[in-house]
Amino acid sequence: MVDVIVIGAGIVGCAMAYTLSLTNLSVLVLEKNIEVLDEVSSSNSGIIHAGYDPDEGSLKARLNVRGAQLYQEWCPRLGVERLQCGGLVIAKAFDEMEALEALKVKAERRGIPFEVLNREAALAKEPHLTPEVIQALYFPSVAVIMPWAMGYALITNAVHNGVTLKTDEPVIGVTSGEYFTVKTPKGSYDAKMVINCAGLGGDGVARLHDPSLPQRLYFRKGEYQITDKFDGDYLNHVIYPVPSPIFGKGVLAIKTVEGNVMFGPNSQRIEDPYDNACTSEGLAEVQRKLPQIIVPMPLTRMIRQFAGVRPISVTKDFILEDKNGWVNAIGIDSPGLASAPAISEYLMNTFIVPRLNPVPIERSVLKSPKALHTLTPEERNQKINLHPDYGRIVCVCESVAKQDVVDATHGLVPAYTLKGIKRRLRPGSGRCQGGFCESRIVEILAQELHIDPSEVLYDTTGTQFLTKIGDSHD
Ligand SMILES: Cc1cc2nc3c(=O)[nH]c(=O)nc-3n(C[C@H](O)[C@H](O)[C@H](O)COP(=O)(O)OP(=O)(O)OC[C@H]3O[C@@H](n4cnc5c(N)ncnc54)[C@H](O)[C@@H]3O)c2cc1C
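All figures in this text were calculated on a predicted structure; none of them were measured in a lab. (Residues numbered from 1 in each chain as written. Predicted model: local features only at pLDDT ≥ 70, side-chain atom pairs only at ≥ 80, totals over all residues.)

Focus: the domain arrangement of the chain
Cut-off, in case you're wondering: An automatic or database domain assignment supplies the start and end points of every domain.
Here the chain is described as being made up of domain 1 (2–41 + 147–216 + 315–356), domain 2 (87–140 + 217–311) and domain 3 (372–455). Computed from C-alpha atoms alone, the centre-to-centre distance between domain 2 and domain 3 is 33 Å.

Below you can see the structure in the form of structure tokens.
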């Protein structure tokens, strides 16, 4: 029996596991996929919003503001890069200036710093803004992170602090009495409390515990286009249009930590939460809306497109509730990434402390390893002296060394798949999109996992991408 089972290792589950690991409670994390952070938390804008947008009095408003504060502590503590680039909300017409006024009021109430910029000042800050801009609100605290870098840092430290992580273990049943028994195809696990952080599967997992619950989530897909990292100079900030009640924050232009520029997301209602395919209509919508905020870049600069799906609650707010020791943390759409540290803090203080009375424990910190391209020549040489394969480059676009790939397959939260390696180290994220490095990564994975190259997976079960000569092609 453990004290707490966390279901789902997205950013919310990882933040929860990390927060729990700073106490004396015993914790088990059960994740459906082979890799952690493989659903909503892997495909989003990566923005730590300032918190001026959510409705007054909502959990989103309160936890976004607090989450943004906590990232300022957590990122340096865990060695995760956070680029405080600031954000500009653009008005191009009189009614949009009214919308800026409403944002100003909310920002003032929440203590979020901002500046009002006239057209000239806005264009001086961001030369590629739409020439139609007439006023902008500048929020200096807006930042961007790599969501999975944060997630890996959290779950790695949680495991370092004693949390048990089991991946490839979907929760398929629950019984409750004196305690909870959570079932997966591989086993049954008992716990005093369960925290449901199952993202897109949140409704289904909540109903395993209470089948009388109605469906409370619906889904909206958002599609993106992204440039090479050498295009970072095109943009200095995150650029927002004025928000809309239906489409939320709207199509944005986003400067990323790594230097890529990202455009999107649109917001398309979908029925299947796992439909994350890009569509020509969705990408066309992104391109159509971009001129409302910036002078668009030529399409030839885009190296990839991707989509993510938001699990949205019918109340439009996060659902954070305790049902006799079973806690649902679901309906976590934007600003869920920005709020994740504060969601875990809220769940801890509101539900876990009163039931389990945990004792805080001082823990050592495992800082995230620095990417090769950020090392000084001296630091590189030190690593190469440890092992010559730190000097053997397997991904030229993103400067990834062979030994870093090897290390990633043997870490506290090991990578098992090509996507797991790509998220941790970025091979395949550059202009060649894996054309050069993919076969090398497959070779290393096969060697380190002691499997045949034809068994190496892209991400989930059944995603082998090599076929052995002589195999059936039926
Ligand atoms: C297009 C888009 C843009 C966004 N942009 C931003 C942004 O810029 N800033 C921001 O703050 N937020 C943003 N968000 C929202 C943010 O990404 C989410 O709020 C956040 O990632 C949700 O995290 P999660 O942990 O709840 O869900 P997930 O990351 O989906 O994690 C849930 C986990 O539960 C697992 N799971 C599901 N069912 C089971 C089961 N039965 N058993 C075991 N495990 C299970 C899943 O495999 C998954 O790993 C955006 C979202 C989208 C889609």
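On we go.
What to know about the environment of Ile384
Under the convention used in this document: By definition, any uninterrupted DSSP run of H or I lasting at least four residues is a helix, any uninterrupted run of E lasting at least two residues is a strand, and each is numbered from the N terminus. Labels follow a simple rule on C-beta atoms placed from the backbone: if 20 or more others lie within 10 Å of a residue's own, it is buried; if 12 or fewer, it is exposed; otherwise it is partly exposed. By definition, residue pairs are in contact when their C-beta atoms, positioned from the backbone, come within 7 Å.
For Ile384, the location among the structural elements is in helix 9 (residues 377–386). Residue Ile384 is classed as partly exposed on the basis of its 15 C-beta neighbours within 10 Å. In sequence terms Ile384 and Leu100 are 284 residues apart; their C-alpha atoms lie 53 Å from each other. In contact with Ile384, other than residues within four places in its own chain, are Tyr390 and Gly391.

Notes on the site of the ligand
This is how it is decided: Only the C-beta atom, placed from the backbone, is used; a residue is near a molecule or strand if that atom lies within 6 Å of it. When residue character is reported, Ala, Val, Leu, Ile, Met, Phe, Trp, Tyr, Cys and Pro are called nonpolar, Asp, Glu, Lys and Arg charged, and the others, Gly included, polar.
Taken together, 40 residues lie around the ligand, and Gly8, Gly10, Gly199, Gly201 and Gly336 are the ones closest in. Going through the elements one at a time, helix 1 (11–21), strand 18 (302–313) and helix 8 (336–356) are the ones with two or more residues in the shell around the ligand. Of the residues in the shell around the ligand, the class split is 19 nonpolar, 15 polar and six charged. Taken domain by domain, the shell around the ligand gets at least three of its residues from each of domain 1 (2–41 + 147–216 + 315–356) and domain 2 (87–140 + 217–311).

A look at unusual backbone geometry
With an omega dihedral of -5°, the bond running from Gly264 to Pro265 counts as a cis peptide bond. Mapped onto the fold, Pro265 is located in the loop between strand 16 (261–264) and strand 17 (268–270). Of note, the bond from Ser334 into Pro335 is cis; its omega dihedral lies within 30 degrees of zero at 5°. Mapped onto the secondary structure, Pro335 falls in the loop between strand 20 (326–330) and helix 8. For Asn357, which is not glycine, the phi torsion reads 50° and is therefore positive.

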